[in-house]
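Spelled out, the chains give:
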Amino acid sequence: MHMLKVLSLQIADSIDIKEFKTVFKAELLHGDSDELFYRVKSHTQKFAYIFKYGIVSLLGYNEVETMAFIQAITPYCKNPLDQHISDEFDIGINAGRNRLGYNKIEIEGATTDSLRLIMLNVSQSVALDHYSQQTNLLLEETTHHTLQLERKGRLDLSGTNLKKYIGRTLNLKNRIEANLYIFDSPEETWEDEELNRLDIGLKKTFDLQARFRTIREGLEIVKENLDLFKDLLQYRNSIVLEWIIIILILVEVVNLFIEKLMK
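The notes below deal with the structure included here. Worth saying up front: this structure is predicted, and the values here are computed from it rather than measured.

The rules we used
- Position numbers for residues count from 1 along each chain, tracking the sequence in the order it is written.
- Residue-level local features of this predicted model are given only where pLDDT is at least 70; pairs of side-chain atoms are given and counted only at 80 or more, and the full residue set underlies all totals for whole chains, interfaces and linings.
- Hydrogens and water molecules were not included; the side-chain quantities draw on all heavy atoms of the structure.
- Each helix corresponds to a stretch of at least 4 residues labelled H or I by DSSP, and each strand to a stretch of at least 2 residues labelled E; elements are numbered beginning at the N terminus.
- What the globule rule says is 2.2 Å times the number of residues to the power 0.38, and the radius of gyration is computed from C-alpha atoms.
- Each residue is placed in one exposure class: buried if its accessible area under a 1.4 Å probe, protein chains only, is under 20% of its type's maximum, exposed if it is over 50%, and partly exposed if it falls in between.
- Throughout, a residue-residue contact means that at least one pair of heavy atoms, one from each residue, lies within 4.5 Å.
- Each accessible area is a Shrake-Rupley result for a 1.4 Å probe, and residues are judged covered by the shown protein chains and nothing else.
- His is not counted, nor are the chain ends; Lys and Arg add positive charge and Asp and Glu add negative charge.
- Taken as the charge location is NZ of Lys, CZ of Arg, CG of Asp or CD of Glu.
- Here the rule is simple: two strands pair whenever DSSP picks up at least two bridges between them.

### Examining the overall build of the protein
Now for step 1: Of regular secondary structure, the protein possesses seven helices and eight strands.
Now for step 2: Taking 263 residues into account, the globule formula puts the C-alpha radius of gyration at 18 Å, and the protein, at 27 Å, lies well above it.
Now for step 3: Expressed along its principal axes, the backbone C-alpha trace of the protein runs to roughly 105 × 35 × 35 Å.
Now for step 4: Counting every position in the protein, which comprises 263 residues, the buried fraction comes to 38%.
Now for step 5: Taking the contacts inside the protein whose residues are at least 6 apart along the sequence as the reference set, 69% of them involve residues at least 24 apart.
Now for step 6: For the protein, the exposed area adds up to about 15500 Å²; of that, 54% sits on carbon and sulfur atoms.
Now for step 7: Each charge sign in the protein was given a centre, from 32 positive and 39 negative side chains, and these centres are 5 Å apart.

### With respect to the pairing of strand E2 (residues 27-31)
Now for step 1: Bridge count between E2 and strand E3 (residues 35-39): four bridges; the pairing is antiparallel. Its bridge partner lying in E3, Glu27 is registered against Arg39.
Now for step 2: Between the end of E2 and the start of E3, which pair antiparallel, lie three residues.

### Describing the sheet that holds strand E4 (residues 47-51)
Now for step 1: If you trace the eight strands from one edge of the open sheet to the other, you get E2-E3-E4-E5-E1-E6-E8-E7, paired in mixed fashion. The open sheet has two free edges, formed respectively by E2 and strand E7 (99-100), since each of these has just one partner strand.
Now for step 2: Across five bridges, the pairing between strand E1 (residues 2-15) and strand E5 (residues 55-59) is antiparallel. Bridge pairing links Leu7 to Leu58 in E5.

So far we have only geometry, and geometry alone does not tell us how the molecule works.
Below is the structure:
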């Protein structure tokens with residue numbers, strides 16, 4: 001049984017695949033505004049899969065070739081990550097039957113569509129790791145502020161910092177919503193029963209739906225807390241405004257009183 005290895009890496013927040021397409025010379029097997037799938041060498045099982053949401057997936061690359069590819073694509077990345085999030089998956093070809101394991105799959109025959117589907121699911125798993133990491137950071141920050149609220153009875157968060165916090169949350173939520181398509185199955189699986197079974201098996205192996213649901217629930221918790229923080233800040237601002245008005249009225253009364261005394 002011949003073995004291949006898929007390596008998927010989150011290397012940036014996004015990749016300008018339109019520009020990269022103009023410089024990368026390989027056989028383009030599939031391409032649209034969201035992703036590019038290449039056969040790197042003719043008549044070989046060496047492929048590169050690039051996604052606009054900052055992930056590259058490589059099959060049949062050795063370590064030196066992987067580093068060279070990342071170096072070549074980095075100029076087309078927006079907000080490159082200092083530490084790449086990655087996942088590896090082994091593919092055994094020419095097996096007696098299709099069989100899925102924890103980090104390995106054995107398939108009877110390797111078609112271009114089946115290899116692309118495997119690379120897609122590994123990449124989706126890496127994307128979920130990335131979004132989960134960011135969601136957990138927001139949850140940790142939310143917990144910090146709610147603990148302050150519990151212990152001190154007030155929110156130690158200025159209006160500007162709250163706005164920045166809301167902005168970070170909304171940006172992450174928008175990025176996830178914008179990339180919801182990445183968790184859809186390719187059109188090829190709708191017409192090919194074997195590919196559809198492979199896709200379902202891979203999604204179960206990587207637990208994609210449950211992990212995605214956990215991220216959305218985490219963001220909902222953050223959003224509920226943000227709404228509370230916003231209401232508290234508005235209340236605090238309204239109290240300050242009321243005091244300013246009271247002070248201005250008092251000043252006006254004192255001025256009138258002084259004017260009457262001076263007459």
